[in-house]
Amino acid sequence: QEKKIFMVQGPYPVVRRLLRAWGWVERKAQGRGGGEPQQREAGGGDAGSSSTADEEEEEEEEEQQDEEDPEGIHKLMSRLVQNQVPYFIWTTRCSIAESCTLQPDQVVNHYARANCLTTKEGLCLTLRNLPWFDKADPDAFFPRCYRLGAVEERQAFIEDFCLTAARSLLKVALERAQDEHTGVDPSPTSGEAPEGPGPPLPPQLVEEALQVCRQHLGSLSHQDIDGDTQPLGSSWDSFLHGCYRVLHDGAVPRLSGAQRERGRSLLQDLAGRLPQLHMEGDCNIWILKPGAASRGRGIVCAARLDELLRLSSGNVREGRWVVQKYVERPLLIFGTKFDVRQWFLVTDWNPLTVWFYRECYLRFCSQPFSLQRLDAAVHLCNQAVQRRCRLGGSRHPRLPPDNTWSCRQLQAYLAQRGQPGAWAEVMVPGMKAAVVRAVRCSQGLVRGRKGSFELFGADFIFGEDFRPWLLEINASPTMAATTAVTGRLCAGVQRDVLRIVIDRRDDPGCPTGAFELIYKQ
């Protein structure tokens, strides 16, 4: 009569424990391992299969449930409501919102068609609509991204790769010319090519790079209406070969005084029009991702066009490939790359209502940052990836062995480094703005439903200037308590979600925990 019947599918022990404590009774999900036919109405099992990791987490949770219910009271009560409608559903399976018929008074933790936000391919497309919703440039917070399965975008990526190669060549050439002028020993750092003069380069290489950058600047200034949009024509291959020798093989280009001045002027003008000029670095590294995969599966970094195109031509079981510009100049902690998992909650799409969680956590790589090594242990912060990697021998002793920090630990670190205001003044406002812009772009694509809600996990990386770059948005973000940090924060976010979606229905003034309302239309 009170409609306090719930169903949980997936590893969410905190949700289950809290709802039971609040007087709710669980209806066990049908389907996996239960021997009962899977149903298509809400409350039946989902037809989609879960990953092996999810199944292992669920099995561990079932064992924990048995320990928490030694007398079998909850199991008995679940049997009594097995044929009743669950009025609150929390599941990892996003398809429940697509494939199930929901009653008006059922609450479920997913919206239909949210893959426009939660797949790499979907987010890539969705953010291109931002100028229709906001006077903002997606390139200011989302690294350039292309769907390689679309012919036009594949060609646009090839052109972007070549333009970035030209800019990178000028950056490296100017930097080495400055080192020679000042007498600095050009010893390689994590972002430089290996030392050594290498074989002689074509004398026209630098001039071609200047020509490409000048042509690109003209197109950005709309001065190329009657000009040649392909300054090198069919000679891109030879130009890229020369760039590879400079950027990766240690060849040293020679610049005349006039070329130095032109190069500096061009890069300065381009910096005013390309928000990613600084973060893109000078190695022209791109990251290739399956368009709909998760847990870091299938992701690789590469710095040569032929390799990226070859890798993307293979079969992808879980979606088409997207390629994205790699952030080559990230903010590092003790010489190691990290990203941030930031939660946000959407409780309505009309009017659009977005909540931002005040706490988040950092995920570190296992090996020190280096652009000379493009393996996963150095560049992919995903916990599912780093779990399989060995900690580096030269790793700083103050880095956590479990590769996680809370945002409070990050703030303490920044304060020690003389940047106490970076978190509250630059990093958090930037993340909030990126979340709101991404959600607003998808408002006309997601199928809203009164009573539903969805918790998302956004992944951010920060540049050397502390500006956040949105990498992706995840549906059903993991709530696994694999470390002390995630154990505390994941329990808190589950509790606070329930406060908002259950308690606030009867008491709009109730506490919302660490959630902050950042946007209501």
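Rules behind the numbers
Along each chain, the written sequence defines residue order, and numbers are assigned to residues from 1. Only residues with pLDDT of 70 or above have their local features reported here, since the model is predicted, and side-chain atom pairs are shown and tallied only from 80 upward, although totals for entire chains, interfaces and linings are computed over all residues. Remark: hydrogens and water are excluded; side-chain values derive from all non-hydrogen atoms of the structure. Salt bridges are counted wherever a side-chain nitrogen of Lys or Arg sits within 4 Å of a carboxyl oxygen of Asp or Glu. Here a strand is any run of E in DSSP of at least two residues, a helix any run of H or I of at least four, and the numbering for each starts at the N terminus. Side-chain atoms within 4.5 Å are what join buried Ala, Val, Leu, Ile, Met, Phe, Trp, Tyr and Cys residues into a set we call a nonpolar core. Only protein chains enter the area calculation, which uses a 1.4 Å probe; residues under 20% of their type maximum are buried, those over 50% are exposed, and those in between are partly exposed. Domains are outlined according to an automatic or database domain assignment. Between two residues, a contact is recorded if the distance between any of their heavy atoms is within 4.5 Å. Pairing between two strands requires that DSSP report at least two bridges joining them. Pairs of cysteine sulfur atoms within 2.5 Å are identified as disulfides in what follows.

Caption draft 1: Looking closely at the pattern of salt bridges. According to the stated counting rule, one finds 32 salt bridges in the structure shown. The shortest N-O distance in the salt bridge between Asp134 and Arg437 comes to 3.1 Å. Residue Asp134 is found in the loop between helix 6 (120–126) and strand 5 (145–147), and its partner Arg437 is found in helix 15 (residues 422–441); the two are separated by 303 residues along the sequence. Its salt-bridge partner being Asp496, residue Arg499 comes within 3.1 Å of it at the nearest N-O pair. One end of the pair, Arg499, and the other, Asp496, are both in helix 16 (residues 484–506), three residues apart, so they sit about a helical turn from each other. Here the residues in one salt-bridge network are Glu121, Arg128, Arg147, Glu153 and Arg320, joined through shared partners.

Caption draft 2: Examining the nonpolar core more closely. Grouped together as the largest cluster of nonpolar side chains are 80 residues, with contacts concentrated most on Phe88, Trp423 and Leu470. Sorting elements by how many residues they give to this core places helix 15 first, with eleven residues. Each of two domains, domain 1 (1–29 + 71–92) and domain 2 (116–142 + 330–520), supplies a minimum of three residues to this core. Aside from chain neighbours lying at most four places away, what touches Trp423 is Cys360, Cys407, Leu410, Gln411, Leu414, Val428, Pro429, Met431 and Phe462.

Caption draft 3: Highlighting the pairing of strand 8 (residues 321–325). Counting buried positions along strand 8 gives five out of five residues, so the element sits mostly inside the fold. Alternating positions in strand 8 separate into two faces, Trp321, Val323 and Lys325 on one and Val322 and Gln324 on the other, with burial throughout. Pairing of strand 5 with strand 8 involves three bridges; the strand directions are antiparallel. Bridge pairing links Cys145 to Gln324 in strand 8. Note: strand 6 (residues 286–290) against strand 8, five bridges, orientation antiparallel.

Caption draft 4: Local environment of the state of the cysteines. Summed over all chains, the structure comprises zero disulfides. As a non-bridged cysteine, Cys301 has Cys365 as the owner of its nearest cysteine sulfur, 9.6 Å distant. According to the relative accessible area criterion, Cys301 is buried, its value standing at 10%.

By themselves, these figures tell us nothing about what the structure is for.
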